[in-house]
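One-letter residues, chain by chain:
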Amino acid sequence: MSVTREQVAKIASLARIKVDEGDLDHFVPEFNAILGFVEQLGEVDTSTVEPMTAVIPQKLRLRDDVIDADPLTGGGKQAEVLANAPVAEHGFFGVPKVIE
């Protein structure tokens, strides 16, 4: 596959990149070299390669979810928290109805 001067101009327009008319001829072989490399990659046999999501192993950096880990912010404080609410109903904050 190869691109023409007009196609390079259209790509530049779609990417909203201003390219001078004289530079369009310079970019045609550049695009063709890139497309040739992509075609080369398509010829590589990857049938024996396992799919992967990353090149290096990754571990999630999350803390353990421990209830009551901190006595100030842990669980078991429902009554104390709801004491600050203007309206508390059935163990929850009471809010005005916004949908009719």
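A few points on the structure. Remember, predicted model here, so these are calculated numbers, not experimental data. (Residues numbered from 1 in each chain as written. Predicted model: local features only at pLDDT ≥ 70, side-chain atom pairs only at ≥ 80, totals over all residues. Heavy atoms only, no water.)

Quick look at the overall build of the chain
Stage number 1. Looking only at helices and strands, the chain features three helices and two strands.
Stage number 2. Shown N-terminal to C-terminal, the secondary structure of the chain runs as helices and strands in the order α-α-α-β-β.
Stage number 3. Its C-alpha atoms give the chain a radius of gyration of 30 Å, clearly above 13 Å, the size a compact globule of 100 residues would have.
Stage number 4. By its C-alpha atoms, the chain is 75 × 45 × 25 Å across when sized along the principal axes.
Stage number 5. When burial is assessed residue by residue, the chain has 8% of its 100 residues classed as buried.
Stage number 6. Put simply, 26% of the contacts in the chain that link residues at least 6 apart link residues at least 24 apart.
Stage number 7. When the accessible area of the chain is evaluated, it comes to approximately 9,700 Å², of which 59% is carbon and sulfur surface. (Helix = DSSP H or I, 4+ residues; strand = E, 2+ residues; numbered from the N terminus. Rg over C-alpha atoms; globule rule 2.2 N^0.38 Å. Buried < 20%, exposed > 50% of the residue type's maximum accessible area, 1.4 Å probe, protein only. Contact = heavy atoms within 4.5 Å. Areas by Shrake-Rupley, 256 points an atom, 1.4 Å probe, with all protein chains shown as cover.)

Observations regarding the pattern of salt bridges
Stage number 1. Taken as a whole and judged by the stated rule, the model has three salt bridges.
Stage number 2. A salt bridge links Glu-80 to Lys-77, with the shortest nitrogen-to-oxygen separation between them at 3.9 Å.
Stage number 3. Judged by relative accessible area, which is 52%, Glu-80 ranks as exposed.
Stage number 4. By relative accessible area, Lys-77 is classed as partly exposed at 28%.
Stage number 5. Here the salt bridges do not stand alone but share partners, grouping Arg-5, Glu-21 and Asp-25 into one network. (Salt bridge = Lys/Arg side-chain N within 4 Å of Asp/Glu carboxyl O.)

Notes on a nonpolar patch on the surface
Stage number 1. A cluster of nonpolar side chains, contributed by Phe-37, Leu-41 and Val-44, occupies part of the molecular surface with about 300 Å² of accessible area.
Stage number 2. Along the chain, the position of Leu-41 falls in helix α2 (residues 21-42). (Patch = residues over 30% accessible without salt bridge, like charges linked within 9 Å, V, L, I, M, F, W, Y side chains within 5 Å.)

Concerning the environment of Ser-47
Stage number 1. Assignment of secondary structure puts Ser-47 in the loop between α2 and α3 (78-82).
Stage number 2. Residue class for Ser-47 comes out exposed when judged on its relative accessible area of 61%.
Stage number 3. Of the polar contacts made by the side chain of Ser-47, one reaches the side chain of Asp-45; its length is 2.9 Å. (Polar contact = N/O pair within 3.5 Å; in protein donor to acceptor, adjacent residues only side chain to side chain.)

From the geometry alone we can't say anything about function, so treat these as descriptive.
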